[in-house]
Amino acid sequence: MNALSKVTSEFINGQLRNDLPKFSSGDTIKINVKIKEGEKFRIQAFEGLVIKTQGSGVSFTVVVRKISNGVAVERTFPLHSPIIDSIQVIKRGRVRRARIYYIRKLSGKAARIKEIVTARPVKGASVEKKPK
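No experiment lies behind these values; they were computed from the predicted model shown.

(A) Quick peek at the side chain of N32. Here N32 lies in strand 1 (residues 28–37). A relative accessible area of 15% means that N32 is categorised as buried. Only 2.8 Å separates the side chain of N32 from the side chain of S86, close enough to count as a polar contact. Setting aside residues up to four positions removed in sequence, N32 forms contacts with I43, Q44, A45, I83, I84, D85 and S86.

(B) Structural detail: the side chain of K52. Structurally, the position occupied by K52 is in strand 2 (residues 40–54). In this structure, K52 is buried with no salt-bridge partner, the nearest side chain bearing the opposite charge being E74 at 8.1 Å. Here Q54 takes part through its side chain, which lies 3.0 Å from a polar atom of the side chain of K52. Other than its neighbours up to four places away in sequence, K52 contacts S25, T61, V62, V63, A98, R99 and Y101.

(C) Seen up close, the nonpolar core. The biggest cluster of nonpolar side chains holds 13 residues, and the ones touching the most others in it are F23, I29, I31, V62, V64, F77 and I87. Going through the elements one at a time, strand 1, strand 2, strand 3 (61–68) and strand 5 (84–91) are the ones with two or more residues in this core. Considering every element that reaches this core, the biggest residue donor is strand 1, with four residues. I31 has contacts with Q44, A45, F46, V62, V64, F77, I84, S86 and I87, leaving out every residue within four places of it along the chain. Counting residues in hydrophobic clusters, the runner-up holds five residues, among them I51, V63, I100 and I103.

(D) Seen up close, the pattern of salt bridges. Going through the model one piece at a time under the given rule, you end up with five salt bridges. Two residues, D19 and R17, come together in a salt bridge whose shortest N-O distance is 3.2 Å. Between R104 and E74 there is a salt bridge whose closest N-O contact spans 2.9 Å. Here E74 lies in strand 4 (residues 71–78) and R104 lies in the segment after strand 5, a separation of 30 residues in the sequence. Residue classification places R104 among the partly exposed residues on the basis of a relative accessible area of 42%.

(E) Looking closely at the packing of aromatic side chains. All chains considered together, the criterion is met by one aromatic pair. Plain terms: the ring middles of F46 and F77 are 5.5 Å apart, the flat faces sit at 65° to each other, and that makes the pair edge-to-face. Taken together, the positions of F46 in strand 2 and F77 in strand 4 put the pair 31 residues apart, joining distant regions of the chain.

About the criteria used
- Residues numbered from 1 in each chain as written.
- Predicted model: local features only at pLDDT ≥ 70, side-chain atom pairs only at ≥ 80, totals over all residues.
- Heavy atoms only, no water.
- Helix = DSSP H or I, 4+ residues; strand = E, 2+ residues; numbered from the N terminus.
- Buried < 20%, exposed > 50% of the residue type's maximum accessible area, 1.4 Å probe, protein only.
- Polar contact = N/O pair within 3.5 Å; in protein donor to acceptor, adjacent residues only side chain to side chain.
- Contact = heavy atoms within 4.5 Å.
- Lys, Arg positive; Asp, Glu negative; His and termini not counted.
- Salt bridge = Lys/Arg side-chain N within 4 Å of Asp/Glu carboxyl O.
- Core = buried A, V, L, I, M, F, W, Y, C linked by side-chain atoms within 4.5 Å.
- Phe/Tyr/Trp six-rings, centres within 6.5 Å; stacked < 30°, edge-to-face > 60°.

Nothing here speaks to function; it is all geometry.
Okay, structure coming up:
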């Protein structure tokens with residue numbers, strides 16, 4: 001490995017974010033994006049369905065689709081970009097494909113995706129075995 005590629009790889013590794021949650025296609029996520037208006041920045045949320053993830057490392061991107069006032073809006077986000085403030089996973093969806101482009105043709109109840117429900121322990125509840 002020569003010096004140039006070492007400097008390049010160090011720069012790229014410095015750009016990677018490690019605060020991103022794990023998600024995949026079919027999940028509903030909320031991305032808080034920094035928007036610049038004049039001199040000030042504000043944060044705007046974009047919540048929608050992940051229909052595609054692409055790339056790896058610093059070039060990892062995700063396509064998120066939402067319905068806004070009856071119009072479908074798809075937006076591609078580079079996840080390691082400084083415009084991304086935070087990402088939250090709202091729901092986990094069960095899909096059988098990595099790219100769910102077929103969702104574009106569906107509408108209404110047909111466009112629903114089954115949710116993966118994970119069991120979470122209830123606070124304050126203890127599990128005790130009953131004697132026989």
